[in-house]
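Each chain, written out:
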Amino acid sequence: MRRFLNTPFFALVLKEIRQILRNKQLLFLLIIPPIVQLLLYGSALNPDVQNLKLGVLDYANVYESRELVAALTENGIFAAQTPPVSEAELSDRVETGKLAVGVVIPPEFPRRLAAGNAEIQILIDAVNANTAGIANSYLSQIVLQYNRRLKTTQTALPVQAQVLFLYNPGLTSSWFFIPGVMGLVLTLIGTITSAIAVVKEKDVGTLEQLLMTPAASWEILLAKVVPLFFLLMGDVLLALTLGRVVFRVPFQGNFLLLMVLSACYLFVTISIGALLGTIYQQQQQVLLTAFFINMPMVETSGAIAPVESMPPFFQTLSLLNPMRHYIAIVRGILLKGVGLEALWMHALALVVFAIVLVTISTRQFRNQLS
Amino acid sequence: MNQPFSIAPPPLPICDPTTAIAISAKGLHKQYGTLEAVRGIDFAIEQGELFGLIGPDGAGKTTTFHILGGVMEATAGEVIVLGRSPQDARSVTGYLTQQFSLYLDLSINENLQYVAGLRQVPDEVFQQRRNQYLRLMDLDRFGDRLAGQLSGGMKQKLSLCCALIAQPQVLLLDEPTTGVDPVSRREFWDVLAELSADGMTIVVATPYLDEAERCHRVALMYDGQIQQIGTPAELRVSLGLHRLEVRTSQLAATERVLAQASETDGEIADVQVFGDRLDVLVANLQRGEAQLRFLLRQHQLSAPEIELAEPTLENVFVTRLRQQGAAPQFFPFPRSRGGNQTLQSSTSKTQNSVAISAQHLSRVFGNFQAVNKVDIDVHYGEIFGLLGANGAGKTTTIKMLCGLLEASSGKVFLGGETGNLRSADLRRRIGYMSQKFTLYDDLTIVQNLEFYSGVYGVPSKLRREKIDWVLATCGLVGQETMLTGQLPGGWKQRVAFGASVLHEPDILFLDEPTSGVDPVARRQFWKLINDFARNGTAILVTTHYLEEAEQCNRMSFMVAGEIAAEGSPSELKAAQPGQLFEVVVDRPQFASNLLKHHFDPWRISIFADRLHVVLDHPDQEVAGLRSLLTSHHLILHSLRPIPFSLEDAFIGIVKRAQENR
């Protein structure tokens, strides 16, 4: 131990820690944005469709048509607004966004219902394609059930689907988001803080002096990375705690496995940042580039939108995105409670990424001399 | 230093009723919290006067400038600038602060336009002044160049242009030439002389005392008070001491004997060691010289060659501050490796073996030849100076020598290594102080020192002692927990020097170590450098300040990437062709303009009330010079040959090299 305290490496680490402790901005960056992002994505970003504004123009206004309207609004997905008085008003209100869904029940509805071929017209504001799709399927289901109620005499359908929701029985969307946001936060903060740590010394001009000391370049780089690594591990714990306490995200799997693989992923993000830091000369350039790299990483990772809903080409491309693998691992361990037997592919990918990126960034750091 | 001489109160400037007083201060005080930065100063500056303010770091110079510039209120006392308060006079005051005030991403023209816009200079007037000042500064060809791409000297000249664009009547310049090379520095001062001759009142602070020689009057400030005011000549006379330049082959031993004598002996007031001579101050010329010769005989030292010279302003400055007890003390460095042991530990290292050597060293950036076939040899125990203008290739050369930059061609030999200059073992034996950025501003002073001693592997037992030595040497005991970023520039340099020698390097690279350091501290700096050299360290140093370059044993002058001259200070001065003349005439500015018309402009410069003129063939040219002056109705008071200073030699070499291109 005494011997270690006398090494250049210890001097370097001590110096980095002292600089970090004096750097209020960095400490702020490590604590506040993760909390804010987790809370925001966990609660505000909710893809569930609720309270869609529904306008019904009921020309028929008979028992059956009122039943239909009641069926539409009874489960809270659609909220009935003041009924429009004409088709012109209805389409106008959909156009201006005052209504998301417009339903027209024609005057001949009861007559054609009796004949067994009634039609209703539905207008959906499809500016938000996702919402429109969901609204559509809800509407179809509601109308289907309504049909079934009308045909009480009919025998049971030949196939009955018995759906069981696994892992997220309450279909709570925040459970899906928290692991994604964890990946997002670690990626953003990991790359930015390490990039700044590496570039700062160049920016203020002390790097040259440092390179003249007996410290090897890997020692200089490692000394910068080690304190950051521990602080970012702290962020992992912070995110897990927030998820558990605020959003009641379950923790089904092995804690140690998650920490080890998180550490692996931190090496990836820190190396990406360090690599950026060696390429550029100023903090400003590094920050801008980090954002440019982080955005596509986040978007193709499945953190917010499922990977499966991307075009096939991008799905394949996303296999090259380490963040995608990490998120898959976190979701697997937290929600499914699975271990390496199910996640080994993702874990292996992460390890390979970490090794490759650490190697490249160390070499790059050494080579930035000339 | 117990030679008593009267410190007569400085003669108050005799105010000629015909010349107006531009700036006057009476009983000026400024207090920051409990710290009294300025403690009652009085002075009056005439219109058109070039007034110098000199003093150590923290003497209150910058505070005085803030008050004169109207950006800060005095706690007590009265200041009048051109008949009004400094605040009201701001529209007629140009103020150049210590920091660069330029926008580096704007061009020269855009910078000037911006300032003119702020100062509401009408467009036609602006164009005319822009042309006039850019021509005066020799910047008119670079109007579209970005300020960030200018050399340090050009930046300072542009800053001056910006201050001049509103045509101020009073110009305040706070250390305007720090980091500026000697050639640009001389040009800068030529411009100031010209402005002052046109009636502009100029107050300038400078740590370079050879510059202060060019002021009409100088005020020596210390501890918030003005100790002395007078013309440079008056200050020199008031010192009451004579300077002897002593040359001997046994420099170190002679210095030891004389330094000891100066502590106890009344005759010898001060001894300072230079690269190949000693400067000895004596109160009485005959007795002093006799005493000196006697002492050397007594110690069986060889008889020296003694030359009488005028005391410099630096002598005045250092002596006065010593009387105040303000000179920083010298503490011997706590060596953990004895001299003998050092010799054994690195077998290649003996006093006369080569430590740093370069053969045909070249470096090309794109199609720019930054360094061209440079040969350098530095021995252990030697102080070697690498001098040159901004952009001459000094820093590039140093970086190649210490392995930070690869050479395009040529060989480097460093501390016994030729191939791998980046090995940890080699670097443990090297000390390096880069230009400006050595310390971490966001660490405290002691944390910085702990870091460097740790990273260089100084044994933990010795760390405390060495760190204490740095703190004591810098006069920072008790302030070690201050953030380094808050230290004034000169102090930071001293701490940085300490940080770079904690591990007792065998080879020391110092890139402009004394930039912004005041004269007393600079002297202490050189004492330390000398101490390291005597203990066998090879030292390669760059500086823009040629008076201190005299401390080097040998030096090379670089011009445009090549070595233009090489030798000891005396050799270089002696190798100068021609002769330097001091010319005293009644209208120096007019005479200077006249002579610059007939001779190469670099040959003429104004020093306060006199001219320095370099003539290559004095026998033929002196007569012509005389008749030229008299034919323009100038009264020639005196014309006498004076010895070249190293700066004169430097400027001559640079200019001749440029002419030959």
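- Looking at an unreviewed UniProt entry, chain B carries the name ABC transporter ATP-binding protein, with the source organism given as Phormidesmis priestleyi ULC007.

- As named in an unreviewed UniProt entry, chain A is ABC transporter permease, taken from Phormidesmis priestleyi ULC007.
- You can read under Sequence similarities (unreviewed entry) in the UniProt record for chain A the words "Belongs to the ABC-2 integral membrane protein family."
- Checking UniProt for chain A, the heading Subcellular location (unreviewed entry) contains the comment "Cell membrane".

### Some points on the overall build of chain B
Right, on to step 1. Helix and strand counts for chain B come out as 22 helices and 26 strands.
Right, on to step 2. For 661 residues, the compact-globule estimate of 2.2 N^0.38 gives 26 Å, and the C-alpha radius of gyration of chain B, at 25 Å, lies within 12% of that figure.
Right, on to step 3. The C-alpha extent of chain B, read off along each of the three principal axes, is 70 × 65 × 60 Å.
Right, on to step 4. Every one of the 661 residues in chain B was classed for burial, and the buried ones make up 49%.
Right, on to step 5. The long-range share in chain B, meaning contacts at least 24 apart out of those at least 6 apart in sequence, stands at 74%.

### A short note on the UniProt feature "domain: ABC transporter" (unreviewed entry) in chain B
Right, on to step 1. This chain's UniProt record puts "domain: ABC transporter" (unreviewed entry) on residues 23-248 and 356-585 of chain B.
Right, on to step 2. Between the C-alpha atoms that bound residues 356-585 of chain B the distance is 49 Å, and the span itself is 34% helix and 29% strand.

### Comments concerning the interface of chain B and chain A
Right, on to step 1. In this assembly, 23 residues from chain B lie in contact with 23 residues from chain A.
Right, on to step 2. Where the side of chain B that touches chain A is concerned, the elements lending two or more residues are helix 13 (424-428), strand 18 (430-433) and helix 14 (445-455) of chain B.
Right, on to step 3. Ranked by residues supplied to the side of chain B that touches chain A, first place goes to helix 14 of chain B with four residues.
Right, on to step 4. Among the residues forming the side of chain B that touches chain A, the class breakdown is twelve nonpolar, six polar and five charged.

### Here's the deal with the domain arrangement of chain A
Right, on to step 1. Examined at the domain level, chain A breaks down into domain 1 (12-45 + 169-367) and domain 2 (52-150).
Right, on to step 2. Using only C-alpha atoms to locate each centre, domain 1 of chain A and domain 2 of chain A end up separated by 47 Å.

### Quick look at helix 3 (residues 123-136) of chain B
Given 3.6 residues per helical turn, the α-helix brings residues three or four places apart onto the same face.
Residue and element names in this part refer to chain B.
Right, on to step 1. A rise of 1.5 Å per residue sets the reference length of helix 3, with its 14 residues, at 20 Å; its end C-alpha atoms lie 20 Å apart and thus fit the reference within 8%.
Right, on to step 2. Listed as buried for helix 3 are Arg130, Tyr133 and Leu134. Projected down its long axis, helix 3 carries its buried residues within an arc of 95°, all on one side. Exposed residues lying more than 90 degrees from the buried face of helix 3 are Glu124, Gln128, Asn131 and Arg135.
Right, on to step 3. Considering only its buried residues, helix 3 is in contact with helix 2 (108-118) and helix 4 (152-164).
Right, on to step 4. Just past helix 3, the residue Asp138 takes up positive phi, approximately 65°.

### As for the sheet that holds strand 22 (residues 562-567) of chain B
Residues and elements named next belong to chain B.
Right, on to step 1. Ordered by their spatial adjacency, six strands build an open sheet running 18-19-20-16-21-22, and the pairing between neighbours is mixed. The two strands at the open ends of the sheet, each matched to only one other strand, are strand 18 and strand 22. Shown here is a sheet whose adjacent strand axes are inclined to one another by a mean of 15°, direction ignored.
Right, on to step 2. Here five bridges tie strand 21 (residues 554-559) to strand 22, and the two strands are oriented antiparallel to one another. Residue Met558 lies in a different strand from strand 22, and its bridge partner there is Ile563.
Right, on to step 3. Taken strand by strand, helix 16 (residues 489-501) contacts strand 18 and strand 19 (507-511), and its axis lies near 160° from that of strand 18.
Right, on to step 4. Sitting on the sheet, helix 17 (residues 519-534) is in contact with strand 16 (383-388), strand 19 and strand 20 (538-542), with an inclination near 150° to strand 20.

### Describing the domain arrangement of chain B
Right, on to step 1. Each domain of chain B was delimited in the assignment, giving domain 1 (21-233), domain 2 (241-310), domain 3 (339-568) and domain 4 (577-643).
Right, on to step 2. Computed over C-alpha atoms only, the centres of domain 3 of chain B and domain 4 of chain B are separated by 40 Å.

Reading the values: rules and limits
- Residues numbered from 1 in each chain as written.
- Chains lettered and ligands numbered in written order.
- Predicted model: local features only at pLDDT ≥ 70, side-chain atom pairs only at ≥ 80, totals over all residues.
- UniProt positions renumbered as here; feature names shortened; annotations may be inferred.
- Helix = DSSP H or I, 4+ residues; strand = E, 2+ residues; numbered from the N terminus.
- Rg over C-alpha atoms; globule rule 2.2 N^0.38 Å.
- Buried ≥ 20, exposed ≤ 12 C-beta atoms within 10 Å, placed from the backbone.
- Contact = placed C-beta atoms within 7 Å.
- Nonpolar A, V, L, I, M, F, W, Y, C, P; charged D, E, K, R; others polar.
- Domains from an automatic or database assignment.
- Expected span 1.5 Å × (residues − 1).
- Arc of directions from axis to C-beta.
- Pairing = 2+ DSSP bridges.
- Axes fitted to C-alpha atoms, helices over the stretch in contact; angles between N-to-C directions.

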